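A structural walkthrough
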Amino acid sequence: MDWIEAAWLGVLQGLSEFLPVSSSGHLVMAAALLGRAREDILFEIAVHAGSLFAILCYYRARIAGLALGCLRREPRALGYAARLALASAPAALLGLLLRPQVELVFAAPGVAGGLLFLTGAMLLSTRWTLPQARAAMPSFGQALLIGLAQALALLPGVSRSGATVVMALAVGVAPLAASEFSFLLGAIAIAGAAALSLPEILAAPPARLLDLGIGAACALLAGLAALWLFVRLLRTRRFHHFAWYCFAAAALFLSWLALQPR
């Protein structure tokens, strides 16, 4: 992988991680379009780490306030942290138990294209649920449902941010509160995956560190831009417009796959 390709894939991941269009699905589709096997796990972890820093930068005040509140044992902060922990459990558990099966799904590019249609349908539903969502924070039951939606996003083509925000809006959580909960939940998931793979990253040869670093830096910058756009479109009630992109991208990719020689 040269540095130009690493930068392009980093930008692609950073944008698609936070915009509700499935970063994993886009990486799978990009690998197919480039005529290569799925991008290696090490590179995917590196660009996800860049995305993690984007969340930490964008929500730095909220994260600092939540951490201080927990240290001071403030009930509201502890309750919010407990909800994040509960919502993190389904994806973590299923990710550990079903990792081989999930890896097999990633090897089938057509699945990513097909599930992108599902993501589009979910996003379209927010046209009706978003105006009715007003809760400032999910209940424990609602947090669990949001966590189950995140677990569905283990599959390529299902957007993690899209699935969690769609579920949050559906159960009545206000748009900006839904996005905040979704991205803080995502930070936990990305940090966990990166921590498990830290030894592999540290053991990478120097030649790999360059493309890993470029990919991560580009994912960070693109992620910050995507976070700003995501929140803006939620605030202006245009979030469902992402559905049309998902439908178009899925249709074009599946058509391209159908035309490839067997």
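Everything numeric in this text was worked out from a predicted model, so none of it was measured. (Residues numbered from 1 in each chain as written. Predicted model: local features only at pLDDT ≥ 70, side-chain atom pairs only at ≥ 80, totals over all residues. Heavy atoms only, no water.)

Considerations on the overall build of the protein chain
Rules: A run of H or I in DSSP counts as a helix once it spans at least four residues, and a run of E counts as a strand once it spans at least two, with each numbered from the N terminus. Here the term buried applies to any residue with accessible area under 20% of the maximum for its type, exposed to any over 50%, and partly exposed to those in between, with areas from a 1.4 Å probe on protein chains only. In this analysis, two residues are considered to be in contact whenever any of their non-hydrogen atoms come within 4.5 Å of each other. Note that accessible areas follow from Shrake-Rupley with a 1.4 Å probe, and for residues the cover is restricted to the protein chains shown. Charged residues are defined here as Lys and Arg on the positive side and Asp and Glu on the negative side; His and the ends of the chain fall outside this count. Here the site of a charge means NZ on Lys, CZ on Arg, CG on Asp, or CD on Glu.
Within the protein chain, the regular secondary structure consists of 13 helices and zero strands. Shown N-terminal to C-terminal, the secondary structure of the protein chain runs as helices and strands in the order α-α-α-α-α-α-α-α-α-α-α-α-α. Seen through its principal axes, the protein chain has C-alpha atoms that stretch 55 × 40 × 35 Å. Here the protein chain holds 262 residues, and 48% of them are scored as buried. Excluding contacts between residues fewer than 6 apart, the proportion of contacts in the protein chain whose partners are at least 24 apart in sequence is 83%. Carbon together with sulfur atoms contributes 72% to the accessible area of the protein chain, which is approximately 12,300 Å² in total. Averaging the locations of the 18 positively and 11 negatively charged side chains of the protein chain gives two centres separated by 17 Å.

Focus on the side chain of His240
Within the secondary structure, His240 is located in the loop between helix H12 (206-235) and helix H13 (242-259). Judged by its relative accessible area of 11%, His240 falls in the buried class. In contact with His240, other than residues within four places in its own chain, are Leu123, Leu124, Thr126 and Arg127.

A short note on the packing of aromatic side chains
This is how the line gets drawn: Working definition: a ring pair exists when centres of Phe, Tyr or Trp rings (six-membered ring for Trp) sit within 6.5 Å. Plane angles under 30 degrees give stacked, over 60 give edge-to-face, the rest tilted. By definition, being over a ring means that NZ of Lys or CZ of Arg is both within 6 Å of the ring centre and within 35 degrees of the ring normal.
The final tally for this structure, using the stated rule, is 10 aromatic pairs. With a centroid separation of 5.0 Å and an interplanar angle of 70°, the aromatic rings of Phe230 and Phe239 are classed as edge-to-face. Side by side, Phe230 and Phe239 carry an identical accessibility label, which is buried. Among the aromatic residues, those joined into a ring-pair cluster are Phe18, Tyr58, Tyr59, Phe183, Phe230, Phe239 and Phe242. The ring of Tyr80 carries the charged tip of Arg62 above its face, separated from the ring centre by 4.5 Å. Its end group placed over the ring of Phe140, Arg83 keeps NZ or CZ at 4.2 Å from the ring centre.

Description of unusual backbone geometry
With phi around 60°, Arg73 is a residue other than glycine that occupies positive phi space. Its place among the elements puts Arg73 in the loop between helix H4 (60-71) and helix H5 (75-97). Given a relative accessible area of 66%, Arg73 falls into the exposed group. Despite not being glycine, Arg237 has its phi angle at roughly 60°, a positive value.

Let's talk about the nonpolar core
Cut-off, in case you're wondering: Joining through side-chain atoms within 4.5 Å is the link that ties buried Ala, Val, Leu, Ile, Met, Phe, Trp, Tyr and Cys residues into a set, and such a set is a nonpolar core.
Counting residues in each nonpolar core, the largest one holds 58 residues, and the members touching the most others are Phe181 and Phe239. The element contributing the most residues to this core is helix H10 (residues 175-196), with eight residues. Sequence-distant contacts of Phe239, that is, excluding residues within four places in its chain, are made with Pro20, Leu123, Thr126, Leu130, Val165, Phe230, Leu233 and Leu234. Judged by nonpolar contacts, the second largest core, of 14 residues, contains Ala6, Ala7, Val47 and Leu212.

Concerning the side chain of Ser88
Quick reminder of the rule: Whenever a nitrogen or oxygen atom comes within 3.5 Å of another N or O atom, the pair is scored as a polar contact, on the condition that within protein one atom can donate a hydrogen and the other can accept it, and that pairs from neighbouring residues in sequence are kept only if both atoms are in side chains.
Within the element layout of this structure, Ser88 appears in helix H5. Looking at Ser88, its side chain comes within polar contact range of the main-chain oxygen of Leu84, at 2.7 Å. Among all residues touching Ser88, those that are not within four sequence positions of it are Gln150, Leu185 and Ile188.

Things to note about the environment of Gly192
Note on placement: Gly192 falls in helix H10. Along the primary structure Gly192 and Ala92 are separated by 100 residues, whereas in three dimensions their C-alpha atoms are 8.7 Å apart.

Here's the deal with the environment of Cys70
Note on placement: Cys70 falls in helix H4. Cys70 gets classed as partly exposed once you look at its relative accessible area, which sits at 24%. Residues Cys70 and Ala81, 11 residues apart in the sequence, show an inter-C-alpha distance of 7.8 Å. Apart from the residues lying within four places of it in its own chain, the contact partners of Cys70 are Ala77, Leu78 and Ala81.

Keep in mind these numbers describe shape, not what the thing actually does.
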